[in-house]
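Fold and geometry: a report
Okay, here's what each chain looks like letter by letter:
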Amino acid sequence: MSNYGFRAMSPSDLKVYYQYIKQDFSVGEYAPYDILLQQLRDGRQRGVILYEEEQDLAYAIFSGNNEFVLISLLAVLRQRRGQGLGSKLLAALRGHFSERAGLIVEVERPELARNEKEQRTRQSRLHFYRQAGFHLITGIEYVIWGIPMHLMACPLQMDIDDICARIETIMYDLYLKQSGPQYIHNLIIKKIGGSQDSN
């Protein structure tokens, strides 16, 4: 039986992990290295690494406030994919933050993919988060750093309908804390009708 462990991602880990991030995510889905490094150093973002014995397996980077946690990046290292490790890491985050109102993730919109491979990757991410209990929030236009995204929420201590009703304020507060007032103009979120999907 495997014996998994979790450790905090240190600023020195980011040198290695930023190379993984560039492989795992499209340009624009992650902050420039210097900004992400500063955010890890000052605690505006945090990272966690799933490992087994001496081998790292998966990672996540997230930020939050007293109510919500925004998971910015979550990926399994390429050579270990398909073994349920992403689900294991996400379950650990759900357990760790069980007293918060909920978890939120941003997923690039499949319908805006540049090719079929990218579209499959984006659809796979949506499916992964749905399987983990996240709901796709519909009825909003959401753009961050110039990239249209879907928002998904996993309710913990707050009902999904309440999260959907407050999503504009929630995202504004999360990004204001993470990136500061000088970058908040990069967040565009507005209601266009509807609520959330059934799951």
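What this report covers is the structure whose coordinates are included nearby. These numbers come from a predicted model, not from an experiment.

Attention now moves to the pairing of strand β8 (residues 147–155). Burial analysis of β8 places 7 of its 9 residues in the buried class, the great majority of the element. Where strand β6 (residues 135–137) meets β8, 3 bridges bridge the pair, whose relative direction is antiparallel. Its bridge partner lying in β8, isoleucine 137 is registered against leucine 151. Inspection of the sheet shows strand β7 (residues 140–144) paired to β8 by 2 bridges, in the antiparallel sense. Bridge pairing in β8 links isoleucine 144 to isoleucine 147. Following β7, the chain reverses through 2 residues before pairing antiparallel with β8; tryptophan 145 in that reversal takes a positive phi of roughly 55°.

This next bit is on the pairing of strand β3 (residues 55–64). A large share of β3 lies buried, amounting to 9 of its 10 residues. Bridging between strand β2 (residues 46–52) and β3 involves 7 bridges; their strand directions are antiparallel. Counted as the bridge partner of valine 48 is alanine 60 from β3. Hairpin connection of β2 to β3: 2 residues between the antiparallel strands, including glutamate 53 at a positive phi of 55°. In this structure, β3 lies alongside strand β4 (residues 68–76), joined through 7 bridges in antiparallel fashion. Within β4, the position partnered with alanine 60 by the bridge is leucine 74. Hairpin remark: β3 followed by β4, antiparallel, with 3 residues in the connecting loop.

In this section: the environment of isoleucine 170. Along the chain, the position of isoleucine 170 falls in helix α5 (residues 160–179). For isoleucine 170, a relative accessible area of 3% puts it in the buried group. Counting along the chain gives 66 residues from isoleucine 170 to isoleucine 104, while the straight-line C-alpha distance between them is 9.6 Å. Setting aside residues up to four positions removed in sequence, isoleucine 170 forms contacts with Phe68, Ile104 and Ile163.

Attention shifts here to helix α3 (residues 85–96). With 12 residues, α3 should cover 16 Å at 1.5 Å per step; its first-to-last C-alpha distance of 16 Å lies within 8% of that length. Within α3 the residues assigned to the buried category are Leu85, Gly86, Leu89, Leu90 and Leu93. One side of α3 holds all its buried residues, which, seen down the axis, span an arc of 135°. Along its buried surface, α3 packs onto β1 (4–8), β2, β3, β4 and α4 (116–131).

Each value, and the rule that gives it
- Residues numbered from 1 in each chain as written.
- Predicted model: local features only at pLDDT ≥ 70, side-chain atom pairs only at ≥ 80, totals over all residues.
- Heavy atoms only, no water.
- Buried < 20%, exposed > 50% of the residue type's maximum accessible area, 1.4 Å probe, protein only.
- Helix = DSSP H or I, 4+ residues; strand = E, 2+ residues; numbered from the N terminus.
- Pairing = 2+ DSSP bridges.
- Contact = heavy atoms within 4.5 Å.
- Expected span 1.5 Å × (residues − 1).
- Arc of directions from axis to C-beta.

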